[in-house]
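# An overview of the molecular structure
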Amino acid sequence: MPPPRRPPDTDRRRADFHAHSFLTDGSTSATEMWYEAEVLEHRALALTDHLSFEDPRPLLERLRGEAAAWEGSKFRPVVGVELTKVPPARIADAARAARRAGAEIVIVHGETIAEHVPPGTNHAAIDSGLVDVLAHPGVLAPEDAELARAHSVVLEISARRGHSLTNGRVARLALEVGAELVVDSDAHSAHELVPLDQARRIALGAGVPEERLEEVLVETPSRLLRRLGGR
Ligand SMILES: [Zn+2]
Ligand SMILES: [Zn+2]
């Protein structure tokens, strides 16, 4: 018998793939972040606490433990990491270790202009084929936007101050080459989460035209949610 056909995904609630808890530099517990996201009518929130080259297991075990409280719920707490300032040559190894330790999503702290990030991070992250989202890519190179499309790495429009300075460039290049885009909060506390209305304004402000909002706010997040854990 063929498998039953999956009904079309009609969930239009917000999904956010980048946020932090007090397990690294956030100020709120994972449980409170997820609870607040549910209150703000999100369908999913990824907690992607900072990880470098250390053992990813303690962080992921803790997040998984807290996420278990939503079993059977319509809200999806996604457990992940944001690989941060790992030397570019080690990014693929760190991503592999995080996946082995149970990360459903691996994002990389891209080359934001708000602070120093090892040059070559964007390229190494995209090229690894092991990363779901390149966060705040900064002055993204056109050839890396192309490569992101080829490797299905989602590029991020960031709501976070400083990181958001280059949103216009990231959005323009991604739209030009057909790379996927999402709007992430990079929230470090519950009040920095971004409801759907605000995500819409941030996308428009970054230069996403009205007719492509659906793609950025609904279609790409749905596709990415289905893909998670699958790399
Ligand atoms: Zn970051
Ligand atoms: Zn972050």
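Before reading further, recall that the structure is shown in the block above.
First things first, this report covers the structure right here in the doc. (Residues numbered from 1 in each chain as written. Chains lettered and ligands numbered in written order. Predicted model: local features only at pLDDT ≥ 70, side-chain atom pairs only at ≥ 80, totals over all residues. Heavy atoms only, no water.)

### Some thoughts on the coordination of the zinc ion (ligand 1)
- Bound to the zinc ion (ligand 1) on the protein side are E82 (OE), H109 (ND1) and H136 (NE2), at distances that span 2.0 to 2.1 Å.
- Mapped onto the sequence, the residues coordinating the zinc ion (ligand 1) show the spacing E-x26-H-x26-H.
- In this structure, the zinc ion (ligand 1) lies 3.3 Å from the zinc ion (ligand 2), and both are coordinated by E82. Placement of H109 in strand β4 (residues 105-109) and of H136 in the loop between β5 (133-135) and α5 (142-150) is noted, with a sequence separation of 27 residues between them.
- On the basis of relative accessibility, which here comes to 4%, the residue H109 falls in the buried class. (Donors = N, O, S within 2.8 Å, 3.2 Å for Na, K, Ca; no water. Helix = DSSP H or I, 4+ residues; strand = E, 2+ residues; numbered from the N terminus. Buried < 20%, exposed > 50% of the residue type's maximum accessible area, 1.4 Å probe, protein only.)

### Focus: helix α7 (residues 196-205)
- Residues of α7 that are buried: A199, I202 and A203. For α7, the angular spread of buried residues about the axis comes to 100°, placing them on one side. Seen from the open side of α7, the exposed residues pointing more than 90 degrees away from its buried face are D197 and G205.
- On the buried face of α7, the contacting elements are β1 (14-16), β6 (154-158), α6 (167-177), β7 (181-184) and α8 (213-227).
- One or two positions beyond α7, positive phi appears at G207, with a value near 105°. (Arc of directions from axis to C-beta. Contact = heavy atoms within 4.5 Å.)

### Observations concerning the pattern of salt bridges
- Per the stated rule, a full pass over the model turns up 18 salt bridges.
- Here R13 ties to D11 by a salt bridge, and the two come within 2.8 Å at their closest N and O atoms.
- Note that R43 and D11 form a salt bridge whose closest N and O atoms lie 3.5 Å from each other. Here D11 lies in the segment before β1 and R43 lies in strand β2 (residues 42-51), a separation of 32 residues in the sequence.
- Here the salt bridges do not stand alone but share partners, grouping D11, R13 and R43 into one network. (Salt bridge = Lys/Arg side-chain N within 4 Å of Asp/Glu carboxyl O.)

### Brief notes about the pairing of β4
- The element β4 is extensively covered by neighbouring structure, given that five of its five residues are classed as buried.
- Side chains I105, I107 and H109 of β4 all project onto a buried face; the interleaved residues V106 and V108 project onto the opposite face, where all are buried too.
- Here strand β3 (residues 76-83) pairs with β4 via four bridges, running parallel. Considered in β4, the bridge of G80 is made with I105.
- Regarding topology, helix α3 (residues 91-100) serves as the crossover connection from β3 to the parallel β4, and that connection is right-handed.
- Here β4 pairs with β5 via three bridges, running parallel. Bridged to V108 within β5 is L134.
- One crossover worth recording links β4 to the parallel β5 by way of helix α4 (residues 121-128), and it is right-handed. (Pairing = 2+ DSSP bridges. Right-handed = clockwise from strand over helix to strand, strands pointing away.)

### Quick notes on α3
- The complete set of buried residues in α3 reads I91, A94, A95, A98 and R99. Seen end-on, α3 carries its buried residues on one side only, within an arc spanning 135°.
- The secondary structure elements touched by the buried residues of α3 are β2, α2 (57-67), β3, β4 and α4.
- Immediately downstream of α3, the backbone of G102 shows phi near 105°, a positive value.

### Here we look at the nonpolar core
- If you look at the biggest cluster of nonpolar residues, it comprises 60 residues, and the most contacted ones within it are W34, L45, L83, L155, L181 and V208.
- It is α6 that provides the largest number of residues to this core, a total of six residues.
- In contact with L83, other than residues within four places in its own chain, are L51, S52, I91, A94, A95, V106, I107, V108 and H109. (Core = buried A, V, L, I, M, F, W, Y, C linked by side-chain atoms within 4.5 Å.)

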